[in-house]
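# Overview (structure and organization)
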Amino acid sequence: MDDPSVQPITDDLVLPFQIEASRLRGRMVKLGPALDEILTRHAYPEPVARFLAETMTLAMLLSSMLKYDGIFTLQTKGDGPVRLMVADITSVGDIRAYAQFDEEALAKAADDVAIAPAPALLGKGHIAFTVDQGPNTERYQGIVELYGKTLADCVQHYFRQSEQIDTGLTVSVDQETLPDGSKGAWRAGGIMIQRLPQDATEKVLGSGDEDAWRRAMVLLSSTTGDELLDPELAASALLFRLFHEDGVRVWQPKALRFGCRCSRERVSDMLSSLPREEVQDLKIDDGRVEVVCQFCSTAYHFDDADLDRVYGTAK
């Protein structure tokens, strides 16, 4: 691969690559404006925002290793301060995410977050990966217990336990610091390398060479957070910096963007499935029913005339 440093800088992408010497496959993710838009739509405390950003980054890495036409979802559920985190990505690159947390429990866990963020924030529970390709297809789901100090550790545990695939991961998340010392936009980056099961031909070619795998993991571990988050360092340039001695081939990057699938029509369908008496409890001070999307914080309002249309009782 030629030195790609002269190529235009690109953000919000997944870049597939292969290390030629060892035939290992990988993905790199860079998230900038799309990530920041998702997080700033919510008033998440810093530890929750950071953890949700890591969840989104891992979801992008994992989904890009699959061929699917639909929605990939990464979800964690536990008994800790962060009860639930959900990040999903469509096959066309629309991403969205949200978290549910207990603010009081979060404050009590503050001292433990820096030591072991996953158990401190999530507690005991599970991590689930789901691929939904529509109503006429079989839905795939993998579930494994939460195990590890970080969410990346939990994902690696899943591959060891459930898929038996060697997986290397590095993820970094941070908020930019502005010249006046205040916090700016969120950024995230990550790289995942996998050694897939080999057939007889691949073994002859040496794709399972242990030295090559260990070398790739050493190079991967040398990546710094600053490199992963630098908006001026292209994904292809960083991969070249890491793996150029072994040869690295990149494919066409996939663009990512914030995209929520909520709509007034979908909310109306949801309300129509509930007894109208229950819906009345959703009314706010002005007498309208309010439904707020958990993913994008968009508020949908329905007055009594709207509800008559929803329930087919309009005169």
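Residues numbered from 1 in each chain as written. Predicted model: local features only at pLDDT ≥ 70, side-chain atom pairs only at ≥ 80, totals over all residues. Heavy atoms only, no water.

## Some points on the confidence of the model for the chain
Basically, it comes down to this: pLDDT gives the predictor's per-residue confidence on a scale running from 0 to 100. Note on definitions: a residue-residue contact is assigned when non-hydrogen atoms from the two residues lie within 4.5 Å.
Overall, the predicted model of the chain reaches an average pLDDT of 89, with 93% of residues at or above 70. Below pLDDT 50 for its whole length, residues 1–7 participates in 11 contacts with residues either more than four positions away or in separate chains. Ignoring residues within four places in sequence, the model shows residues 203–207, a span with pLDDT below 50, making seven contacts including any to other chains.

## Remarks on the side chain of T76
Defined as follows: Helix numbering and strand numbering both begin at the N terminus, where a helix is a DSSP run of H or I of at least 4 residues and a strand a DSSP run of E of at least 2.
The topology assignment puts T76 in strand β3 (residues 71–78). Excluding anything up to four places from it in sequence, T76 contacts R83, L84, M85, L122, H126, I127 and L151.

## Brief notes about the pattern of salt bridges
Note the threshold: We define a salt bridge as a contact between a side-chain nitrogen of Lys or Arg and a carboxyl oxygen of Asp or Glu at a distance within 4 Å. Buried, partly exposed and exposed residues are distinguished by accessible area as a fraction of the type maximum, computed with a 1.4 Å probe on protein chains only: under 20%, between the cut-offs, and over 50%, respectively.
Following the criterion strictly, the structure yields 20 salt bridges and no others. Salt-bridge contacts for E46 lead to R50; the nearest nitrogen and oxygen are separated by 2.6 Å. Taken together, the positions of E46 and R50, both in helix α2 (residues 46–63) and four residues apart, correspond to about one turn of that helix. Assessed through its relative accessible area of 36%, E46 is described here as partly exposed. With a shortest N-O distance of 2.9 Å, E227 and R241 are connected by a salt bridge. Highlighted residues: E227 in helix α9 (residues 225–229) and R241 in helix α10 (residues 235–243), separated in sequence by 14 residues. Residue E227 is classed as buried on the basis of its relative accessible area, which comes to 15%. Several salt bridges share partner residues, and in doing so they unite E46, R50 and D174 into one network.

## Considering the pairing of strand β6 (residues 125–132)
Here is the key point about a regular strand: its side chains alternate between the two faces of the sheet. Note the threshold: Strand pairing is assigned whenever DSSP identifies at least 2 bridges connecting the two strands.
Note that β3 and β6 share eight bridges and pair antiparallel. Looking at β6, one finds that G78 is bridged to G125.

## What to know about the nonpolar core
The criterion, for reference: Only buried residues count toward a nonpolar core, which is a set of Ala, Val, Leu, Ile, Met, Phe, Trp, Tyr and Cys residues joined through side-chain atoms within 4.5 Å.
Within the largest apolar cluster, 60 residues are counted, with the highest numbers of intra-cluster contacts made by L39, M60 and F72. It is α2 that contributes the most residues to this core, 11 residues altogether. For L39, the residues in contact, after removing those within four places along its chain, are Y44, A49, L52, A53, M56 and W186. Counting residues in hydrophobic clusters, the runner-up holds 22 residues, among them L13, I193, L220 and L239.

## Some remarks on unusual backbone geometry
Among all residues except glycine, the phi angle is most often negative; among peptide bonds, the trans geometry is most common. The phi dihedral of D12 falls on the positive side, at around 50°, and the residue is not glycine. Mapped onto the secondary structure, D12 falls in the segment before β1 (13–19). Judged by its relative accessible area of 10%, D12 falls in the buried class. A positive phi angle is found at R23, which is not glycine, with a value near 60°. With respect to the secondary-structure elements, R23 resides in the loop between β1 and β2 (24–31).

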